[in-house]
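# Summary of the model geometry
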Amino acid sequence: VVYRFQWKNDKVYDEYLSVLYPNGEPGKESEVWIERTPDEAKFKGSIVNPPQDKLLLNMKRDVVRYPEIEYIVSWAENVDAFSFNEFDIDGDERLYSRFIKGGDNLYSMVKALSQESIEKVISAAENMGYLLEKIEPVEFADIKKVIFTEKGVNDPLFDFSLSKGMFRTLYLLIYLEYVAKLGKPATLLIDDLCEGLDYERSTKLGKYVFDFCSENDIQLIASSNDSFLMDVVDLNYWSILQREGSKVSAINHQNHPELFEDFSFTGLSNFDLLSSDFIARHKNE
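All figures in this text were calculated on a predicted structure; none of them were measured in a lab.

## Here we look at the overall build of the protein
A count of helical and extended segments in the protein gives 10 helices and 12 strands. Along the first, second and third principal axes, the C-alpha atoms of the protein reach 70 × 55 × 40 Å. By the burial criterion, 38% of the 285 residues in the protein qualify as buried. In the protein, the share of contacts with a sequence separation of at least 24, taken over all contacts with a separation of at least 6, comes to 50%. Total accessible area computed for the protein in this model is approximately 16,600 Å², and 48% of it derives from carbon and sulfur atoms. Separation between the mean location of the 31 positive side-chain charges and that of the 50 negative ones in the protein comes to 6 Å.

Here is the structure:
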């Protein structure tokens, strides 16, 4: 499924949807469903007249007749965005994600997890140096909290008792298990992934997040200028953004395969691709 749209001056300027049928009949491997310009809109070849400020995709939702459209909408509804370095320890009432669904706070996520999922979080946290024995949701009258029990510590810990690095790491580990449990198409956007963590925890958490998303079919888009993290993320996943004036261009393995292939023979670390003049020299050549 390929979908795109452009939005200009509070109006839909362009919209396009095509569906590929891998096992379709000869001559019908793909079909254009939506073609829209500022002057005309078509759905499956027929002229339609949607409001200028509404996407045709949303107006044609039908879970039985057009499941492909529903797949796109379901994916879009399950996008969450985080700024890793802005996770604040203000209790469950604060929404840590910019787009997180209503009610999905730390308490409700832990409450929804099975004991097996909680044990996975505890195991991952231990690998990153946070030695926990229990993670459990508790209620005091109308107050709902998550208690963390750390090995060798007599008193249980609330979220506000944790260091910022520990809280952010545990929150992200719990969130990943929760998203995987939902079993829906999901995209996770993380700004400044692992920022503020030391070398060991940054590399371990970064690798864990990438591996977890890959194994659970979660689309991950993360930004970082952390050299620790860059060195453990495969260059095939990199997209380097460069700005000249108001124009931003991306350099990645898809649009510059020869650049990445040449760099792989240098023996340098991943971060050196960004910090050296290798890209500039390659583009000049």
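## A word on the sheet that holds strand S5 (residues 46–48)
Spatial strand order, S1-S2-S3-S4-S5: 5 strands in an open sheet with antiparallel pairing. Each edge of the open sheet is held by one strand with a lone partner, namely strand S1 (2–8) and S5. Neighbour-to-neighbour, the strand axes of the sheet open up by a mean angle of 25 degrees, direction not taken into account. Inspection of the sheet shows strand S3 (residues 30–36) paired to strand S4 (residues 41–43) by 3 bridges, in the antiparallel sense. Paired with Ile34 across the bridge in S4 is Phe43.

## Comments concerning the pairing of strand S6 (residues 79–83)
Counting buried residues along S6, 5 of its 5 residues qualify, which places the element largely inside the surrounding structure. Across the two faces of S6 the burial is the same, with Val79, Ala81 and Ser83 and Asp80 and Phe82 all buried. Bridge analysis of S6 against strand S9 (residues 186–191) gives 5 bridges, and the strand direction is parallel. The partner of Val79 across the bridge, within S9, is Thr187.

## Brief notes about the packing of helix H4 (residues 115–127) against helix H5 (residues 164–182)
Viewed as axis vectors pointing N to C, H4 and H5 meet at an angle of 145 degrees, and their least axial separation amounts to 10 Å. Pair H4 / H5 crosses with right-handed handedness. Between H4 and H5, the residues in contact are Ser117, Lys120, Val121, Ala124 and Ala125 and Leu170, Leu173, Ile174 and Glu177, respectively. Taken together, the residues that form the contact of H4 with H5 break down as 6 nonpolar, 1 polar and 2 charged.

## Examining the packing of H5 against helix H6 (residues 199–215)
In a pair of packed helices, the angle between the axes and the distance between the axes together describe the arrangement. It is the contact of H5 with H6, at a shortest axis distance of 11 Å, that shows an interaxial angle of 5 degrees. On the basis of their axis angle, the class for H5 and H6 is roughly parallel. Counting all contacts with H5, which are made through Thr169, Leu172, Leu173, Leu176, Glu177 and Ala180, the residues of H6 involved are Leu205, Tyr208, Val209, Phe212 and Cys213. Looking at the contact of H5 with H6 residue by residue, the class counts come to 9 nonpolar, 1 polar and 1 charged.

## Focus: the state of the cysteines
Applying the stated criterion to the full structure yields 0 disulfides. In this structure Cys194 is a free cysteine whose sulfur lies 12 Å from that of Cys213, the closest cysteine sulfur available. In this structure Cys194 comes out as buried when scored by relative accessible area, which is 0%.

So, how was this worked out
- Residue numbers here run from 1 along each chain, matching the order of that chain's written sequence.
- Local features in this predicted model are restricted to residues of pLDDT 70 or higher, and side-chain atom pairs are both shown and tallied only at a pLDDT of 80 or more, whereas totals for entire chains, interfaces and linings draw on every residue.
- Hydrogens and water molecules were not included; the side-chain quantities draw on all heavy atoms of the structure.
- Strands here are runs of E lasting at least two residues and helices are runs of H or I lasting at least four, both read from the DSSP assignment and numbered beginning at the N terminus.
- Each residue is placed in one exposure class: buried if its accessible area under a 1.4 Å probe, protein chains only, is under 20% of its type's maximum, exposed if it is over 50%, and partly exposed if it falls in between.
- The contact rule is simple, with two residues in contact once any of their heavy atoms fall within 4.5 Å.
- All accessibility values rest on the Shrake-Rupley procedure with a 1.4 Å probe; residue burial counts only the protein chains present in the view.
- Neither His nor the chain ends contribute to the count of charged residues, in which Lys and Arg are positive and Asp and Glu negative.
- To locate a charge, take NZ of a lysine, CZ of an arginine, CG of an aspartate or CD of a glutamate.
- In this scheme, strands are said to pair when DSSP sees at least two bridges between them.
- Angles here are taken between N-to-C directions and fall from 0 to 180 degrees, while the axes themselves are lines fitted to C-alpha atoms, restricted in helices to the stretch in contact.
- The sense of a crossing depends on the near helix, which, turned anticlockwise from the far helix by less than a right angle, makes the crossing left-handed and, turned clockwise, makes it right-handed.
- The classification used treats Ala, Val, Leu, Ile, Met, Phe, Trp, Tyr, Cys and Pro as nonpolar, Asp, Glu, Lys and Arg as charged, and all other residues, Gly among them, as polar.
- Small angles under 35 degrees read as roughly parallel and large ones over 145 as roughly antiparallel, with 65 to 115 read as roughly perpendicular and the rest as oblique.
- Criterion for a disulfide: a pair of cysteine sulfur atoms at a distance within 2.5 Å.

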